[in-house]
Amino acid sequence: MIIVKDLSHTYQPDSPRPCRALHNVSFTVENGEYIGIVGRSGSGKTTLVQHINRLLRPTSGAVLVDGQDINAPGFPVKEVRRKIGLVFQYPEHQLFEETVFEDVAFGPRNLGYSGSELPGLVSEALSLVGLSFDRYHSRSPFSLSGGEKRRVAIAGILAMKPRVLILDEPTAGLDPQGREAILHRLERLRVEQGLTILMVSHYLEELLPRVDRLLIIKEGSLLLSGTPRDIIKQSRELHGVGMEVPQFVALLQRLEEKGHPVRTDALSVRETVEELMKVMKGKGKGGAI
Amino acid sequence: MELSKQILIGQYIPLDSWIHSLDARVKIALVLVLSVIIFFVDTGKGLGLCFAFLLLGVLLSRIPFFYFVRGMRVIAFLVLTTALLNLFLVKGETVWSWQFLTISKEGVQISLLMSSRLLFLFGVTSLLTLTTSPIALTDGTERVLFPLTLVGFPAHELALMMTIALRFVPTLLLEAEKITKAQMARGADFAPGGLAQKAKSLVPLLVPLFVSAFHRADELATAMEARCYRGGKNRTRMKELRSDYNDLVAVLLVLGLVCLLQVV
Ligand SMILES: Nc1ncnc2c1ncn2[C@@H]1O[C@H](COP(=O)(O)OP(=O)(O)OP(=O)(O)O)[C@@H](O)[C@H]1O
Ligand SMILES: [Mg+2]
């Protein structure tokens, strides 16, 4: 369980231009939950998630993992890094080894896994992101395509066997198929391994049908938090943070405005279609929408 | 670990002050003059005067004093080494000795003098880069160096290289910070170990950093090509540098300092 309590962070606090990136953010993440974090560019999402595995220290407030304050003096940093895997924004930029194998093994090696355990960890991690060990392990990471690099980088974190996985815009800059593939694999991971997942994204569409809860960040504060259905109903607040509800929700809202009895909290195109079918059937043969 | 906190050079702070408003050419020329003058100053009073002048500059620039001083830490090592070497190696009238170490009166003087000069040099240069936008800075440099183009000196190219270097210092620092964090998230440890261990632990930082620097350079070159950049010939400027009476005041102030230094 992760508890974030009154977290504030100021970059360069004593420079002429300090930057208050977070103020008084509080929330709790239960084990096994899938959390989506949404907000405009510059709202503080990256700053927030970097606190959760102690890459940044709070200016004030606390982060508790399994009841322990990870910023307490003497708290073993490696424990946090082992428990909580953080995939950075554009993680492909941190590949550096000569081969995919070495790069994926970098994390586990730092955590003290021995040489004989590494091949197993690496091949498991690569297969979790859908790359074949035999085809990829001896290639240079720099010779891969952008999407493959991204997957190798994610594998580098998965190989450390974290219990909580935080991903900072894992689908940014990928094509729709690559995006779907990553999201799908994450869901499978969650089911198979019971991972807790926190995912930062700009796309409400990709979070809505998957996550248990959404956190909406605005200018460093937690504006809204709730289930996707609760959030999607508050389209005005979403508009305020520069997020538009997905087009299918907008469609349902327009229909409701015109007096049609539809639910407006659909989370995916499929649900929307089902809702529309239901309404059309209910209207009988002559019912035109 | 926030590297960008620690290094001042190339970090322009846009404030609204008298020093900020001065013409970049004038500021550069004055910094050059001051850098030469400091090597002719060899008395305590003279040094005091110079530092008082620098302090005046910092105050006029509205840059928080402690922020400025913290930036000086970068060269603390250099200053200390200079001071220690001069302290022990200069021979003269011995004032203190212990085993093979001796300190002479001349040593003390020279070591104080040298480290003060270094500090002053770094101080005025920092003041210049803190109060002048990189664009104005290189524009100014190009103008100041212009006479040398007559003998084939590539002033424009030099200025361009300088702009790019200055422009990318903060970017690369931020990048380094990001990569460091990303590798720390993978359990990397950048702190402990001997020299060899330390050098080895830097590989995960340096390789991605170089890769991204080369990418950036490539992109920049393409972007410049795409905008038909073809060197400095016949280029005009959107913002012409202009001098006004404020710049005259600045020149007079420096002249005043020079005169005073003659007197004391
Ligand atoms: N290292 C840093 N030094 C100073 N300010 C920073 C630093 N990193 C981020 N900031 C500032 O903190 C604020 C929040 O940044 P953050 O990276 O957390 O935003 P974000 O929500 O992740 O944005 P994006 O969606 O673009 O990734 C921004 O205003 C940014 O300028
Ligand atoms: Mg971000």
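Source: prediction; values computed, not measured.

Draft legend 1. Representation of the packing of helix 8 (residues 155-185) of chain B against helix 9 (residues 195-226) of chain B. All names here are of chain B. Direction vectors running N to C along helix 8 and helix 9 enclose 140°, while the axes themselves pass 10 Å from each other. Remark: the crossing between helix 8 and helix 9 carries right-handed chirality. Contact residues: Leu160, Ile164, Phe168, Thr171, Leu172, Glu175, Ala176, Ile179, Thr180 and Gln183 in helix 8; Pro204, Leu205, Pro208, Leu209, Ser212, Ala213, Arg216, Leu220 and Met224 in helix 9. For the contact of helix 8 with helix 9, a count of residues per class yields 13 nonpolar, 4 polar and 2 charged.

Draft legend 2. Here's a closer look at a nonpolar patch on the surface. Residue and element names in this part refer to chain B. A cluster of nonpolar residues, Leu56, Leu60, Tyr245, Leu248, Val249, Val251, Leu252, Leu253 and Leu255, forms a patch on the protein surface that exposes about 790 Å² of accessible area. Listing elements by their share of the nonpolar patch, those giving two or more residues are helix 3 (44-61) and helix 10 (245-263). No other element matches the 7 residues that helix 10 contributes to the nonpolar patch. Position of Leu60 relative to the elements: it lies in helix 3.

Draft legend 3. Structural view of the nonpolar core. One finds Val104, Leu158, Leu165, Leu186 and Leu214 of chain A to be the most contacted residues of the largest nonpolar core, which totals 50 residues. The leading source of residues in this core is helix 6 (residues 146-158) of chain A, at 6 residues. Each of domain 1 (2-234) and domain 2 (246-289) of chain A gives at least three residues to this core. In this structure, Leu165 of chain A is in contact with Gly85, Val87, Ile157, Leu158, Leu186, Leu189, Leu195, Thr196, Ile197 and Leu198 of chain A, ignoring residues within four places of it in sequence. Residues Phe27, Phe88 and Phe96 of chain A together with Phe190 of chain B belong to the second largest nonpolar core, which totals 38 residues.

Draft legend 4. Representation of the coordination of the magnesium ion (ligand 2) within the structure. All names here are of chain A. Coordination of the magnesium ion (ligand 2) by the protein is provided by Thr46 (OG1) and Gln89 (OE1), with metal-donor distances spanning 1.8 to 2.5 Å. Residue Thr46 is located in helix 1 (residues 45-52), and its partner Gln89 is located in the loop between strand 6 (84-87) and helix 3 (100-110); the two are separated by 43 residues in the primary sequence. Using a relative accessible area of 25% as the deciding quantity, one classes Thr46 as partly exposed. Owing to a relative accessible area of 23%, Gln89 belongs among the partly exposed residues under this scheme.

Draft legend 5. Inspection of the pattern of salt bridges at higher detail. Counted under the stated rule, the structure contains 17 salt bridges over all chains. The closest approach of N and O atoms between Glu79 of chain A and Arg82 of chain A, which form a salt bridge, is 3.6 Å. Taken as a pair, Glu79 of chain A and Arg82 of chain A lie in helix 2 (residues 77-83) at a separation of 3 residues, close to a single helical turn. Residue class for Arg82 of chain A comes out partly exposed when judged on its relative accessible area of 28%. The shortest N-O distance in the salt bridge between Arg216 of chain B and Glu175 of chain B comes to 2.7 Å. With Arg216 of chain B in helix 9 and Glu175 of chain B in helix 8, this pair connects stretches of sequence that are 41 residues apart. When its relative accessible area of 10% is taken as the criterion, Glu175 of chain B is described as buried. When salt bridges that share partners are traced, they join Asp66, Lys83 and Arg163 of chain A into one network.

Draft legend 6. Structural view of the sheet that holds strand 2 (residues 19-29) of chain A. Residues and elements named next belong to chain A. The strand order across the open sheet formed by 4 strands is 2-1-4-5, and the pairing between neighbours is antiparallel. The sheet is open, and its two borders are formed by strand 2 and strand 5 (68-69), each paired with just one other strand. Taken together, the 5 bridges between strand 1 (residues 2-11) and strand 4 (residues 60-65) define a ladder with antiparallel strand orientation. Its bridge partner lying in strand 4, Ser8 is registered against Ser60. Packing of helix 1 onto the sheet brings it into contact with strand 1, strand 2 and strand 4, and relative to strand 2 it is tilted by some 55°.

Draft legend 7. Structural context of the domain arrangement of chain A. Residues and elements named next belong to chain A. With domains assigned, chain A is organised as domain 1 (2-234) and domain 2 (246-289). Distance from the C-alpha centre of domain 1 to the C-alpha centre of domain 2: 36 Å. Contacts between domain 1 and domain 2 engage 8 residues on the former and 11 residues on the latter. When domain 1 packs against domain 2, the two sides together hide about 750 Å² of surface, and 67% of this comes from carbon and sulfur. There are 1 salt bridge connecting domain 1 and domain 2. Between Glu271 and Arg229 there is a salt bridge; the shortest N-O distance is 3.1 Å.

Draft legend 8. Quick look at the confidence of the model for chain B. Residue and element names in this part refer to chain B. The pLDDT averaged across chain B works out to 85; a share of 95% of its residues lies at or above 70. Mean pLDDT values over the elements of chain B span from 81, in strand 1 (residues 94-98), up to 93, in helix 3. Low pLDDT, under 50, characterises residues 1-6; the stretch is placed with 18 contacts to residues that sit more than four places away or in other chains. Across the whole predicted complex the pTM is 0.75, and at the interface the ipTM reaches 0.84.

Draft legend 9. Local environment of the side chain of His23 of chain A. All names here are of chain A. On the secondary structure map, His23 appears in strand 2. Of note is the side chain of His23, whose polar atom sits 3.1 Å from the side chain of Arg20. Setting aside anything within four residues of it in sequence, one finds His23 in contact with Leu7, Ser8, Glu219, Gly220 and Ser221.

Parameters and conventions
- In this convention, every chain numbers its residues from 1, walking through the sequence in written order.
- Chains carry letters and ligands carry numbers; both start at the beginning, A for chains and 1 for ligands, and go up in the order they are written.
- Confidence filtering applies because this is a predicted model: local features only for residues at pLDDT of at least 70, side-chain atom pairs given and counted only at 80 or more, and all residues used for totals across whole chains, interfaces and linings.
- Based on all heavy atoms of the structure, the side-chain values leave hydrogens and waters out of the count.
- Every angle, taken between N-to-C directions, lies between 0 and 180 degrees, and every axis is a line fitted to C-alpha atoms, over only the stretch in contact when it is a helix.
- A run of H or I in DSSP counts as a helix once it spans at least four residues, and a run of E counts as a strand once it spans at least two, with each numbered from the N terminus.
- In this scheme the handedness of a crossing depends on how the near helix is turned from the far one: anticlockwise by less than a right angle means left-handed, clockwise means right-handed.
- Two residues qualify as a contact provided that any one of their heavy atoms is within 4.5 Å of a heavy atom in the partner residue.
- Each residue is assigned to one class: nonpolar for Ala, Val, Leu, Ile, Met, Phe, Trp, Tyr, Cys and Pro, charged for Asp, Glu, Lys and Arg, and polar for all the others, Gly among them.
- Only residues whose relative accessible area exceeds 30% and that form no salt bridge are eligible for patches; like-charged ones are grouped when within 9 Å, while nonpolar side chains (Val, Leu, Ile, Met, Phe, Trp, Tyr) are grouped when within 5 Å.
- Computed by Shrake-Rupley with a 1.4 Å probe, the accessible areas treat only the displayed protein chains as cover when residues are assessed.
- The salt bridge definition used is simple: a Lys or Arg side-chain nitrogen within 4 Å of an Asp or Glu carboxyl oxygen.
- For this analysis, a nonpolar core means a set of buried residues of the types Ala, Val, Leu, Ile, Met, Phe, Trp, Tyr and Cys, connected via side-chain atoms within 4.5 Å.
- Partly exposed residues are those whose accessible area sits between 20% and 50% of the maximum for their type, while under 20% is buried and over 50% is exposed, using a 1.4 Å probe and protein chains only.
- Boundaries between domains were set according to an automatic or database domain assignment.
- Donor atoms are limited to N, O and S found within 2.8 Å of the metal ion, a distance that becomes 3.2 Å for Na, K and Ca. With water left out, some sites might look partial.
- For two strands to pair, DSSP has to find at least two bridges joining them.
- The term buried area means the drop in 1.4 Å probe accessible area that two parts suffer when joined, counted for both and summed.
- For every residue, the predictor assigns a confidence score, pLDDT, that lies between 0 and 100.
- Whenever two N or O atoms come within 3.5 Å, that pair is a polar contact, provided that in protein one can donate a hydrogen and the other can accept it, and provided that, for residues adjacent in sequence, both atoms are side-chain atoms.

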